[in-house]
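Structural overview for review
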Amino acid sequence: MKVGITGMGIISAIGNNVNENLQALLEAKSGISTIEHISTLHKDAIKVGEIKYSNEELIELLNLNPESNYTRTSLLGIWAAREAVAQAGIKIDSRTGFISATSVGGMDRSENYFFDYEALPEKQKYILSHDAGDVSFKIANDLGVSDFVTTISTACSSGANAIMLGARMILAGELDTVIVGGTDALSKFTINGFKSLMILSDTENTPFDQNRKGLNLGEGAAYLVLESAKRTLDKNVLGYVEGWGNANDAYHQTASSETGEGAALAMKKAIQGAGISPREIDYVNAHGTATVNNDLSEGRALLEVFSQQVPSFSSTKPFTGHTLAAAGAIEAVYSLLALREKVQFPNLNFSSPMEEFSLLPLTQLRKFANRYVLSNSFGFGGNCSSLIFSSVYA
Amino acid sequence: MPKVYINGTACISAQDSLNKDAFVSMKALDFSEIYYPVQSPQYKDFISPAMIRRMGNAVKNGMVASKLALQDAGEPELDAIITGTGLGCIKDSEQFLAGIVQNNEEHLTPTSFIQSTHNTVGAQIALALGCKAYNMTYSQATLSMPSALYDAFLQIKVGESKHILVGGIDEFAPVTLKNLGLVGYIKSKAYPLAPSVSEGASFFVLEPEKKEQSYAEISGIKMLSKTENPIAFVHSFLASLDLTLDDIDWLFTNQSQLNWQGKSTLNYKVYSGEFDTDIGFGIWLAAHALKQQRLPEGHDSTELNRILIYTADSRGGHCLILLTKC
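The next point concerns the overall build of chain B. Of the regular secondary structure elements, chain B holds 10 helices and 10 strands. On C-alpha atoms alone, chain B measures out to a radius of gyration of 19 Å, which is about the 20 Å that the 2.2 N^0.38 rule sets for 326 residues. Split into buried and exposed, the 326 residues of chain B put 63% on the buried side. Counted over contacts in chain B with a minimum sequence separation of 6, partners at least 24 positions apart contribute 74%. Total accessible area on chain B stands at roughly 12100 Å², and carbon and sulfur atoms take up 49% of it. Side chains of chain B carry 26 positive and 34 negative charges; the gap between the two charge centres is 2 Å.

This part takes up helix α7 (residues 188–196) of chain A. Burial within α7(A) is extensive, with seven of its nine residues counted as buried. Turning to α7(A), its buried residues are A:Phe189, A:Thr190, A:Ile191, A:Asn192, A:Gly193, A:Phe194 and A:Ser196. Structurally, α7(A) contributes buried residues whose contacts are with α4 (107–113) and β6 (217–218) of chain A together with α3 (90–102) and α4 (111–115) of chain B. Within two residues after α7(A), A:Met198 carries a phi angle of roughly 60°, on the positive side.

The next point concerns unusual backbone geometry. Although it is not a glycine, A:Leu324 adopts a positive phi angle of roughly 55°. The residue A:Leu324 is located in the loop between α11 (317–320) and α12 (327–341) in this model. For B:Glu75, which is not a glycine, the phi torsion comes out positive at approximately 50°. Here B:Glu75 lies in the loop between α2 (57–72) and β2 (80–84). B:Glu75 gets classed as exposed once you look at its relative accessible area, which sits at 51%.

A common way to report how large an interface is uses the accessible area buried once the components associate. Chain B puts 63 residues into the contact, and the matching count from chain A is 62 residues. Carbon and sulfur atoms supply 63% of the area buried between chain B and chain A, which totals about 5200 Å² over both sides. Broken down residue by residue, the surface that chain B buries against chain A is led by B:Glu105, B:Lys132 and B:Gln140, which jointly contribute 14%. Remark: the boundary between chain B and chain A carries six salt bridges.

Within this structure, the stated rule accounts for 30 salt bridges over all chains. In this structure, A:Arg371 engages A:Glu280 in a salt bridge whose closest nitrogen and oxygen atoms are separated by 3.9 Å. With A:Arg371 in the loop between β12 (366–367) and β13 (372–379) and A:Glu280 in the loop between α9 (261–274) and β9 (283–285), this residue pair connects regions lying 91 residues apart in the sequence. For the salt bridge of A:Glu341 with A:Arg340, the shortest nitrogen-to-oxygen distance reads 2.9 Å. Each of A:Asp131, B:Asp276, B:Asp313 and B:Arg315 takes part in one network of salt bridges that share partners.

Moving on: the side chain of B:Ser198. Residues and elements named next belong to chain B. Looking at the secondary structure, you find Ser 198 in the loop between α7 (174–182) and β5 (200–207). Within polar-contact distance, the side chain of Ser 198 engages the backbone oxygen of Tyr 36 at 2.8 Å. Residue contacts for Ser 198: discarding those within four places in its chain leaves Ala 14, Tyr 36, Pro 37, Phe 172, Ser 272, Gly 273, Glu 274 and Phe 275.

Glancing now at the packing of helix α3 (residues 72–88) of chain A against helix α5 (residues 132–143) of chain A. All names here are of chain A. Following both chains from N to C, one finds α3 and α5 inclined at 35°, their axes separated by 9 Å at the closest point. Of the two elements, α3 crosses α5, and the hand of that crossing is right-handed. Residue-level contacts link Thr 73, Ser 74, Gly 77, Ile 78, Ala 81, Arg 82 and Val 85 of α3 to Val 135, Lys 138, Ile 139, Asp 142 and Leu 143 of α5. The class makeup of the residues in the contact of α3 with α5 is six nonpolar, three polar and three charged.

Okay, the pairing of strand β4 (residues 164–170) of chain B next. Residues and elements named next belong to chain B. Most of β4 sits inside the fold, with seven of its seven residues counted as buried. In this structure, β2 lies alongside β4, joined through five bridges in parallel fashion. Paired with Gly 84 across the strands is Gly 168, a residue of β4. As defined by bridge partners, β4 adjoins β5 across seven bridges and the pair is classed as antiparallel. Note on β5: the bridge partner recorded for Val 166 is Phe 204.

Okay, the packing of aromatic side chains next. Any aromatic ring pair is given by two values, namely how distant the centres are and how the planes are angled relative to each other. All names here are of chain A. On inspection of all chains with the given rule, the structure shows 16 aromatic pairs over all chains. Each ring, one from Tyr 113 and one from Tyr 126, has its centre 5.9 Å from the other, and the planes form 15°; the classification is stacked. Pair noted here: Tyr 113 is in helix α4 and Tyr 126 is in the loop between α4 and α5, with a separation of 13 residues, a long-range link. Side by side, Tyr 113 and Tyr 126 carry an identical accessibility label, which is buried.

Let us look at helix α10 (residues 292–305) of chain A. Residue and element names in this part refer to chain A. In a regular helix each residue adds 1.5 Å, so 14 residues correspond to 20 Å; α10 covers 20 Å between its end C-alpha atoms and thus fits that length. Within α10, 10 of the 14 residues are buried, which leaves it mostly tucked inside the rest of the structure. Listed as buried for α10 are Asn 294, Asp 295, Leu 296, Ser 297, Glu 298, Gly 299, Ala 301, Leu 302, Leu 303 and Val 305. Considering only its buried residues, α10 is in contact with α9, β9, β10 (312–314) and β13. Directly after α10, the chain includes Ser 307, whose backbone phi takes a positive value near 45°.

What follows concerns the pairing of strand β8 (residues 239–248) of chain A. Residues and elements named next belong to chain A. With 10 of 10 residues buried, β8 is to be regarded as a mostly interior element. The pairing of strand β1 (residues 3–11) with β8 spans three bridges and is antiparallel. Its bridge partner lying in β8, Gly 4 is registered against Tyr 240. Looking at chain direction, β8 and strand β14 (residues 383–390) are connected through eight bridges and run antiparallel. Paired with Tyr 240 across the strands is Ser 390, a residue of β14.

This next bit is on the confidence of the model for chain B. Reading fine detail from the predicted coordinates is not recommended where pLDDT is low. Looking at chain B, the pLDDT average stands at 96 and 100% of residues meet or exceed 70. ipTM for the predicted complex: 0.98, alongside a pTM of 0.98.

Along the chain, B:Ala14 falls in the loop between β1 (4–12) and α1 (49–54). With 252 residues separating them in the primary sequence, B:Ala14 and B:Leu266 have C-alpha atoms 17 Å apart.

Calculation notes
- Residues numbered from 1 in each chain as written.
- Chains lettered and ligands numbered in written order.
- Predicted model: local features only at pLDDT ≥ 70, side-chain atom pairs only at ≥ 80, totals over all residues.
- Heavy atoms only, no water.
- Helix = DSSP H or I, 4+ residues; strand = E, 2+ residues; numbered from the N terminus.
- Rg over C-alpha atoms; globule rule 2.2 N^0.38 Å.
- Buried < 20%, exposed > 50% of the residue type's maximum accessible area, 1.4 Å probe, protein only.
- Contact = heavy atoms within 4.5 Å.
- Areas by Shrake-Rupley, 256 points an atom, 1.4 Å probe, with all protein chains shown as cover.
- Lys, Arg positive; Asp, Glu negative; His and termini not counted.
- Charge placed at Lys NZ, Arg CZ, Asp CG, Glu CD.
- Buried area = accessible area lost by both parts, 1.4 Å probe.
- Salt bridge = Lys/Arg side-chain N within 4 Å of Asp/Glu carboxyl O.
- Polar contact = N/O pair within 3.5 Å; in protein donor to acceptor, adjacent residues only side chain to side chain.
- Axes fitted to C-alpha atoms, helices over the stretch in contact; angles between N-to-C directions.
- Left-handed = near helix turned anticlockwise from the far one by under 90°.
- Nonpolar A, V, L, I, M, F, W, Y, C, P; charged D, E, K, R; others polar.
- Pairing = 2+ DSSP bridges.
- Phe/Tyr/Trp six-rings, centres within 6.5 Å; stacked < 30°, edge-to-face > 60°.
- Expected span 1.5 Å × (residues − 1).
- pLDDT = per-residue confidence, 0-100.

Okay, here's the thing in structure tokens:
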């Protein structure tokens, strides 16, 4: 048993809190839709996992000052972090840190005014909320954390990496409480970026399917509260971060190696760190973005790590879309729910297995008393991360 | 617990910092300009011309500085590559955004999008080395590089790693310069007294082994996001190392007015210009000062045992790093 988790919070396309997300997962209700809050040429050519609140609605619901320069990324982050902290029932002190993750940062606002600020003095406040650091400072200030605050930005593995650093700091006695996770909002920048890479699907994403066409971008935020052994003594622990691993594919800036070497290394590190054998993993929440490249690479890596006997696995991205830096954190929450609720979630939209190997994701909700759940997050730059969560009964 | 030694360095900055001895005769920037470019290395000695054309300054400088730091450390096989960057590859971000606006979201090429992710420098270094080890990138304004350093420091202290490459990189781009100048965050016509900016890449190889070539020991590092009382912060940091301010010979800082009990203070920003990871220059300077037992012209150095680096930023972030002669 490594590091205890005492709180979690989330906002995604399938719900505004943990319970709503859980209900949607149990009812196989996806949150993929057509984009409403961003005007883009590609509106009808893509599907997204969008949160249906406008920024103004989020500011009001969060009781924040509308004159300030909150970016959507920071609003989503504040929303989820508050839920996690409330559940954990913690008192923020000098032994409390905040580690977040983002790739969009404040670009969701600045992309609208970037070249026009001179003519828009009332929007100039967003100049200083552009960077990744501002998002985390805004969330930390909202929570009252003034000690260790940082942001990890390693594309799609960022959220998992934030959880990893937090766990390490708790184990090393550097902090007693740390709020960890990530947040990313939809933006024209990322929509166009992924479109130019030709990996956006115009239909709902189909991970591990032979006919998969690409990913659906999503937005959201999720945070966990990790605490030291002495602070979890008299608390309701949701589960444990039991193992972790980060490795680099060192193959290409965006594509994963055909063999999924980086992914396999990360998974092996996590399993080794957890002190268990691969066959003790009951369920894998895969990265499963439904790009041609990722699912092939991840599939191969799974087969290698589990010596062809891959446990039950699914990607939950058909529910939420690919939430970039938030993905590792959102999927950590789903892994904890799998442990607590004793279920394994389905990989929606699946019909035809991939030709390259015989790997069948779960297509229906499965009841199972998981002891160990593995969650994968792989990002651009070959950044591969895996986390293992264990049940309180493990 | 193992100690943490700086066993390799390389710094690309507005000064002639690739030349190890040049720091003694460094001249402060005159701050008449808004932006000071770095004194560039010969990129083609390190990177193919085709790649140079496609790379922004952050990636180019990061690639070269990391290579040189590794060479300086004797090319160890790395257990980790950890970088910090405040704005990331902002030039590529601007380019991609300009493309979106100018072309109305059509016919965009992905190159500048791909290169705009914050971990591009770290990823390119790993790719060039074929290094599959732990690879992390931090982006937290002026705490970006301290975060990277802290991660490395922790890994070595707990015995997880033995050879870590740590770097801080930042670059500027025209529209960002203009926008930051509009709000007086950096120098502009409207705000002539705001800081002048520059760019740079500072890389270090950290190891638990003290060697002939070791520059200094990193004795401690601590970050806070907010404090009402920086003096209390420094006292408690030093106390945790069984030290007091009396044990510190020089204070290196990014603050222009700092007076802590009359301690000898050097504002390294007058040499490096301002950017989120300028602390990398400060660390480079302190490491070399401790190794060579001398300081830049105009600063008296009798004995140099301990240099304390302190940075703070109005957006948030206070950092203390203690470097000790070894």
